[in-house]
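Chain residues, written in single-letter form:
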Amino acid sequence: MAATLSLDQARRIALAAQGLDKGRPAGPVTSRTVGRTFARLQLVQIDSVNVLSRSHFLPFFSRLGNYDRSILQRLSATHPRRMMEYWAHEASYIRPEHFPDLLLWQKRKWVGASAMEPALRDGVAGKILEELSIGPPLTAAQLTARIGHVEDRRTDNWGWNWNAVKRVLEHLFEDGLVSAASRSDQFERRYTLTARVLPGLAGEQERPRDPVAAMHRLIDAAAQAHGIGTVRCFADYFRVPAKAAALSVHHLVQTGRLEPVRVAGWDRELFRHVDARVPRKAMGRALLSPFDSLVFERRRLEELFGFHYRIEIYTPEHKRRFGYYVLPFLLRDKLVARVDLKADRASGQLLVKSAHAEPDPPLDTAVELAAELRLMADWLGLEDVVVHPAGDLAAGLEAAVRADAGGIRSQGTQATWPVSLP
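Bear in mind that the values here come from a model prediction, so they are computed numbers and not experimental data.

The rules behind the values
- Residues numbered from 1 in each chain as written.
- Predicted model: local features only at pLDDT ≥ 70, side-chain atom pairs only at ≥ 80, totals over all residues.
- Heavy atoms only, no water.
- Buried < 20%, exposed > 50% of the residue type's maximum accessible area, 1.4 Å probe, protein only.
- Helix = DSSP H or I, 4+ residues; strand = E, 2+ residues; numbered from the N terminus.
- Pairing = 2+ DSSP bridges.
- Contact = heavy atoms within 4.5 Å.
- Axes fitted to C-alpha atoms, helices over the stretch in contact; angles between N-to-C directions.

**Overview of the pairing of strand β5 (residues 178-183)**
- Burial runs high along β5: six of the six residues are buried.
- As defined by bridge partners, β5 adjoins strand β6 (residues 189-193) across five bridges and the pair is classed as antiparallel. Following the sheet pairing, V178 is matched in β6 by L193.
- Linkage of β5 to β6, two consecutive antiparallel strands, is achieved through a turn of five residues, within which F187 is found at a positive phi near 70°.

So, in structure tokens, the structure goes:
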């Protein structure tokens, strides 16, 4: 018979699995600390939007606080790599051990190389592979110049006006022949042969691999990262086909890795990972990236936390409800607010362009959010937090930010919401 859990217990399981149920480490954040956090998450999504910080930096700040972002460069660009780039939940940093399994299941073919004239595609691919086999990692622009490729650039396809070299590179990247050795300061991939990124994989790709066993491993990893969830939750984590994921869930139940559970108010077939913890309470506090793995699956987020969330980056400004780059605010075991943030690096300010509370927020919402914003500003090297007067939480938050800046609030002090301070 399936165990029955309360919704509060399910939330705490999910937060513990994601490393968000506790306060941040008291000591310095080391490479080992970051590596352990990444191993727990299994993957971190990459996105180029830099209005606040690159999205792959934010999940580590949410869980660890002020840390040195260059640690990620060391983990992803030096041997032995603890993380590498590939397609998973969109473009992501993944654990290298997942790469061979994802190769069997990530087949997107959307970058345009398959539509190219075969002779052109194969010719460009041959030159790219030859150049990368004898030279250092190179960006698409550097490779274009190195192999002497010239073409008329298209301007009719917004966002993807890639030349043939870039399109073929992405095709080779998807096929696992080339990988990203690192990223440039402009966030461009520096490509090299995958055999150089993962030297231990040499010859491994030529051996027959079992896609069913690969799916079992991926779903087990997704279930560990979620703690509790549905087939859809687990499939969405690595963006693998739902039908194949369902068969793996059944297998993992049979082998004791997953157990069916029931959660009051969550009326779908649910499974809990055998290693999932159920903390008695959750004491975390974090601003979450729009691309954080806790908020990947929107239906799950609404069922677990009662939090309706949509990214409005591509929504026309006059139609946005909450803002351009909106981060949910986690306080203990609930998502209690959301803020639209921007790092104004020229002025040295962290701008809170809007602040909205969820229904019935805890009394200390504004005060705790102000402290979290101050921590984020310090991490980003910004001097001030500036709250704009948009949203029902803005006035209370602005007062709490002023109090925090003036030293009125000491650690652990609580205040009512909305805060009313001179």
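**Observations regarding the side chain of D292**
- Its location among the elements puts D292 in the loop between β10 (285-287) and α13 (298-305).
- The exposure class assigned to D292 is buried, which follows from its relative accessible area of 0%.
- Among all residues touching D292, those that are not within four sequence positions of it are Q18, P59, S62 and R63.

**Points about the environment of A377**
- Considering the arrangement of structural elements, one finds A377 in helix α14 (residues 365-380).
- Separated by 166 residues in the primary sequence, A377 and P211 place their C-alpha atoms 45 Å from one another.
- If near-sequence neighbours (up to four positions away) are discounted, A377 is found in contact with L350, L382 and V385.

**Some points on the sheet that holds strand β3 (residues 84-88)**
- A sheet is described by the order of its strands in space; here three strands give the open sequence β2-β4-β3, paired in antiparallel fashion. Lying at the two open borders of the sheet, with one neighbouring strand each, are β2 (43-45) and β3. Averaged over all pairs of adjacent strands, the angle between strand axes in this sheet comes to 40°, irrespective of strand direction.
- Of the strand pairs in this sheet, β3 and strand β4 (residues 90-94) are connected by five bridges, and their pairing is antiparallel. Looking at the pairing, E85 lines up with Y93 of β4.

**Overview of helix α1 (residues 7-17)**
- Most of α1 sits out of view: eight of its eleven residues are buried.
- Taken together, the buried positions of α1 are A10, R11, R12, I13, A14, L15, A16 and A17.
- At the C-terminal side of α1, G19 shows a positive phi close to 70°.

**Focus: the sheet that holds strand β9 (residues 266-273)**
- Spatially, β1-β8-β9-β7 is the arrangement adopted by the four strands of the open sheet, whose pairing is mixed. Across the chains shown, the open sheet's two edge strands, defined by having one partner strand only, are β1 (3-5) and β7 (228-229).
- As defined by bridge partners, strand β8 (residues 258-263) adjoins β9 across five bridges and the pair is classed as antiparallel. In the sheet register, V263 faces β9, and the bridge partner there is W266.
- The strands touched by helix α10 (residues 211-226) within the sheet are β7, β8 and β9, with β9 carrying the most contacts at an inclination of about 105°.

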